[in-house]
Amino acid sequence: MTRMLNTHDIPLLMVELVENPPWTKTKDGTIMKYIDSKWHQLSHTDSFKLTKTEGQIWISLFHLLMLPDCQQKYQLDPFRKNILLKLRSYLNDILLDQMPVLVDMRRYLEQLSLMDPPPAKHDLVLEQIPEIRDRILKTYDGRWRSLAKKQAKSVFNSSNASLKTQAASLAQTYNIDMLESLIHDPPKCAVCGQPASKRCSRCQNEWYCRRECQVQHWPKHKKPCGLLVDCLDTVDLKQQSELHVAANHQT
């Protein structure tokens, strides 16, 4: 919001659109307005009727000038004040009859004309800068074609050896023993809570301190153990099928 109000100064841009609307022109003494993707010839009376585009401009101005957050962050100075006060000449009774909500904005502008601009509240502004993206663009500037050829060869048309290497790397990455070695707390028995060194040989998920605890826990663990093993088998079959299809495409 701060960038929109103070950096790009959208309120003053809206004032410029009100003063010099590109959707209105005069041709041979006739007023024409651009409505619904077409230029329409209007009578003098109809020219005072608000179009959809004009209504959007006034609604935008109303929110930018009247919302409390915008008033606090918009840094009013004498120059901006003088530009905004030009809107008073357009806030006539005909316009206010069509958009009564603008009465409050006319009152605000009248009060603004009688006083100095209030000091703006300066807040800390944090802006995200795409440093990684900019660094990548700078590093590979002029090398995109060669990079695309390399990616097409190594990623999108992988050889059988490459697929096997990737599969082995993924299997090692998601190896249960390797993942558990990263856990700081030692596993505990699912029954008594004591430090455990044995686990279920089927699902490799539950830990036990001794065989007696495993036997005691088996009636409860039997069903989830079977479900987990079935899921793992399904995933393995799917991965093998995908590798087989990829290998066939390669050949």
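Residues numbered from 1 in each chain as written. Predicted model: local features only at pLDDT ≥ 70, side-chain atom pairs only at ≥ 80, totals over all residues. Heavy atoms only, no water.

Engineer: Would you take a moment to explain the overall build of the chain for this structure?
Structural biologist: Regarding its fold elements, the chain presents 12 helices and 5 strands. For the chain, the residues scored as buried account for 23% of the 251 residues in total. Here the analysis covers contacts within the chain between residues at least 6 apart in sequence; of these, 51% occur between residues at least 24 apart. For the chain, the computed accessible surface area is about 18700 Å², with 55% contributed by carbon and sulfur atoms. (Helix = DSSP H or I, 4+ residues; strand = E, 2+ residues; numbered from the N terminus. Buried < 20%, exposed > 50% of the residue type's maximum accessible area, 1.4 Å probe, protein only. Contact = heavy atoms within 4.5 Å. Areas by Shrake-Rupley, 256 points an atom, 1.4 Å probe, with all protein chains shown as cover.)

Engineer: It is not clear to me how helix H2 (residues 10-19) should be interpreted in this structure. Could you clarify?
Structural biologist: In an α-helix there are 3.6 residues to a turn, and that puts residues three or four apart on one side. Among all positions in H2, only Ile 10, Pro 11, Leu 12, Met 14, Val 15 and Val 18 are buried. Buried residues along H2 sit in contact with helix H1 (2-7), helix H3 (52-66) and helix H5 (78-84).

Engineer: I'm lost on the packing of H2 against H3 in this one. Help?
Structural biologist: Packed helices, taken two at a time, are described by the angle their axes make and the gap between the axes. Following both chains from N to C, one finds H2 and H3 inclined at 150°, their axes separated by 10 Å at the closest point. Judged by the angle between their axes, H2 and H3 are roughly antiparallel. Once H2 is placed against H3, the crossing between them reads as left-handed. In contact with Ile 10, Pro 11, Met 14, Val 15, Leu 17 and Val 18 of H2, H3 contributes Ile 57, Trp 58, Ser 60, Leu 61, Leu 64 and Leu 65. By residue class, the composition of the contact of H2 with H3 is 11 nonpolar, 1 polar and no charged. (Axes fitted to C-alpha atoms, helices over the stretch in contact; angles between N-to-C directions. Parallel < 35°, antiparallel > 145°, perpendicular 65-115°, else oblique. Left-handed = near helix turned anticlockwise from the far one by under 90°. Nonpolar A, V, L, I, M, F, W, Y, C, P; charged D, E, K, R; others polar.)

Engineer: What am I meant to see in the pairing of strand S1 (residues 24-27) here?
Structural biologist: Remark: a regular strand shows side chains that alternate across the two faces of the sheet. Judged from the 4 bridges that link them, S1 and strand S2 (residues 30-35) form a sheet pairing that is antiparallel. Opposite Thr 24, over in S2, you have Lys 33 as the bridge partner. What sits between S1 and S2 in their antiparallel hairpin is a turn of 2 residues, with Asp 28 showing a positive phi close to 55°. (Pairing = 2+ DSSP bridges.)

Engineer: Explain the sheet that holds S1 here, please?
Structural biologist: In a beta sheet, neighbouring strands are held together by backbone hydrogen bonds and run either parallel or antiparallel to one another. Ordered in space as S1-S2-S3, the 3 strands form an open sheet in which the pairing is antiparallel. Among the strands making up the open sheet, the edge pair consists of S1 and strand S3 (38-42). If you compare each strand with its neighbour and ignore which way they point, the axes differ by 35° on average. Examined bridge by bridge, S2 and S3 share 5 bridges and lie antiparallel to one another.

Engineer: Just to check I follow, could you spell out the pattern of salt bridges for this structure?
Structural biologist: Working definition: two side chains of opposite charge can pair if their charged atoms are close together. Under the counting rule described, the total for this entry stands at 7 salt bridges. In this structure, Glu 54 engages Lys 33 in a salt bridge whose closest nitrogen and oxygen atoms are separated by 3.1 Å. Of this pair, Glu 54 sits in helix H3 while Lys 33 is found in strand S2, placing the two residues 21 residues apart along the sequence. On the basis of relative accessible area, Glu 54 is assigned to the buried category, the value being 12%. For Lys 33, a relative accessible area of 4% corresponds to the buried category. (Salt bridge = Lys/Arg side-chain N within 4 Å of Asp/Glu carboxyl O.)

Engineer: Looking at this structure, how should I read the packing of H3 against helix H7 (residues 102-113)?
Structural biologist: Two elements in contact, H3 and H7, have axes whose closest approach is 10 Å; the angle formed by their N-to-C orientations is 50°. When the interaxial angle is binned, H3 and H7 end up oblique. Between H3 and H7 lies a crossing whose hand is left-handed. Mapping the contact onto sequence places Trp 58, Leu 61, Phe 62, Leu 65 and Met 66 in H3 and Leu 102, Asp 104, Met 105 and Tyr 108 in H7. For the contact of H3 with H7, the class distribution of residues is 8 nonpolar, no polar and 1 charged.

Engineer: What should I look at first to understand H7 in this one?
Structural biologist: The first and last C-alpha atoms of H7 sit 17 Å apart over 12 residues, in line with the 16 Å expected at 1.5 Å per residue. The complete set of buried residues in H7 reads Leu 102, Met 105, Tyr 108, Leu 109 and Leu 112. Mapping the buried residues of H7 onto a view down its axis gives an arc of 105°, with all of them on the same face. Structurally, H7 contributes buried residues whose contacts are with H3, helix H4 (68-73), H5 and helix H6 (93-98). (Expected span 1.5 Å × (residues − 1). Arc of directions from axis to C-beta.)

From the geometry alone we can't say anything about function, so treat these as descriptive.
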